[in-house]
Amino acid sequence: MFLDLAAIRWLSDLINEKRKITLLTVTHDRAFLEEVCNSILELDRGSFYEYSGSYSTYLQGKEERLANEDQAIKVAKGKYKKELEWMRRQPQGRQTKQNARQEAFYKLEKSTKPRIVDPTLELSDEGQRRLGGNILKVRGM
């Protein structure tokens, strides 16, 4: 469904009047999201993340979460290097402790994989503006 500027304004006013409303929306109108959202629930790689606040707060929170994930991957890679050396030596010793450490190594190995980044997706709060009334005007066709 396409909404023109008047319909977007009406919907925005309706949502803001009825504060106890849950709305699932797919839109590219970031100004609309900024105006009506007070909480955003994101589904990313099979996990839900909740952000309280406006759309710009969501963008900031997501950026911080991804930076924290990147830092955790960096730390895991450091530990992974040490554990990889241990695995390559094929340690001898008590079997149960060795098995547990090997299982922990494989789990750690999975956590060092960087997240998949879609190069075509860019979230930005710059350049937000309301949609105009006219998309295209043609005369004398």
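Keep in mind that this is a model prediction, so the values were computed, not measured.

(A) Spatial organisation of the overall build of the chain. In terms of helices and strands, the chain carries four helices and two strands. In the chain, the order of α-helices and β-strands from amino to carboxyl end is α-α-β-β-α-α. Counting the 141 residues in the chain, one finds 24% classified as buried. Carbon and sulfur atoms form 53% of the exposed surface of the chain, whose accessible area is close to 11,700 Å².

(B) Representation of the packing of aromatic side chains within the structure. Taken as a whole and assessed by the stated rule, the structure comprises four aromatic pairs. An angle of 40° between the planes, with centres 5.8 Å apart, marks the rings of tyrosine 55 and tyrosine 58 as tilted. Note that tyrosine 55 and tyrosine 58 are positioned in helix 3 (residues 55-88) at a spacing of three residues, about one turn of the helix. When sorted by exposure, tyrosine 55 lands in the same class as tyrosine 58, which is buried. Note on phenylalanine 105 and tyrosine 106: the rings are 5.3 Å apart at their centroids and 70° apart in plane angle, and the pair reads as edge-to-face. Its relative accessible area of 4% is what places phenylalanine 105 among the buried residues. An aromatic cluster is built from Tyr51, Tyr55 and Tyr58, whose rings are joined through pairwise contacts. The ring of tyrosine 49 is capped by arginine 65, whose NZ or CZ atom sits 3.7 Å from the centre of that ring.

(C) Looking closely at the side chain of aspartate 44. Along the chain, aspartate 44 falls in strand 1 (residues 39-44). For aspartate 44, a relative accessible area of 15% translates into the label buried. Polar side-chain contacts of aspartate 44 include one of 3.1 Å to the side chain of arginine 65. Each residue touching aspartate 44, except ones within four places of it in the same chain, is listed here: Tyr49, Lys62 and Arg65.

(D) Fine view of the confidence of the model for the chain. Here the chain shows a mean pLDDT of 79. Residues at 70 or above account for 77%. Within the chain, strand 2 (residues 47-52) carries the highest mean pLDDT (92), whereas helix 4 (residues 95-111) carries the lowest (78).

(E) Expanded view of the pattern of salt bridges. Summed over all chains, the structure comprises eight salt bridges. The partner of glutamate 35 in a salt bridge is arginine 9, and the shortest N-O contact between them spans 2.2 Å. Residue glutamate 35 is located in helix 2 (residues 30-36), and its partner arginine 9 is located in helix 1 (residues 5-17); the two are separated by 26 residues in the primary sequence. On the accessibility criterion, glutamate 35 (27% relative accessible area) is partly exposed. Salt bridges sharing partners connect three or more residues here, namely Glu42, Asp44, Arg45, Lys62, Arg65 and Glu69.

Cut-offs and rules
Residues numbered from 1 in each chain as written. Predicted model: local features only at pLDDT ≥ 70, side-chain atom pairs only at ≥ 80, totals over all residues. Heavy atoms only, no water. Helix = DSSP H or I, 4+ residues; strand = E, 2+ residues; numbered from the N terminus. Buried < 20%, exposed > 50% of the residue type's maximum accessible area, 1.4 Å probe, protein only. Areas by Shrake-Rupley, 256 points an atom, 1.4 Å probe, with all protein chains shown as cover. Phe/Tyr/Trp six-rings, centres within 6.5 Å; stacked < 30°, edge-to-face > 60°. Lys NZ or Arg CZ within 6 Å of the ring centre and 35° of its normal. Polar contact = N/O pair within 3.5 Å; in protein donor to acceptor, adjacent residues only side chain to side chain. Contact = heavy atoms within 4.5 Å. pLDDT = per-residue confidence, 0-100. Salt bridge = Lys/Arg side-chain N within 4 Å of Asp/Glu carboxyl O.

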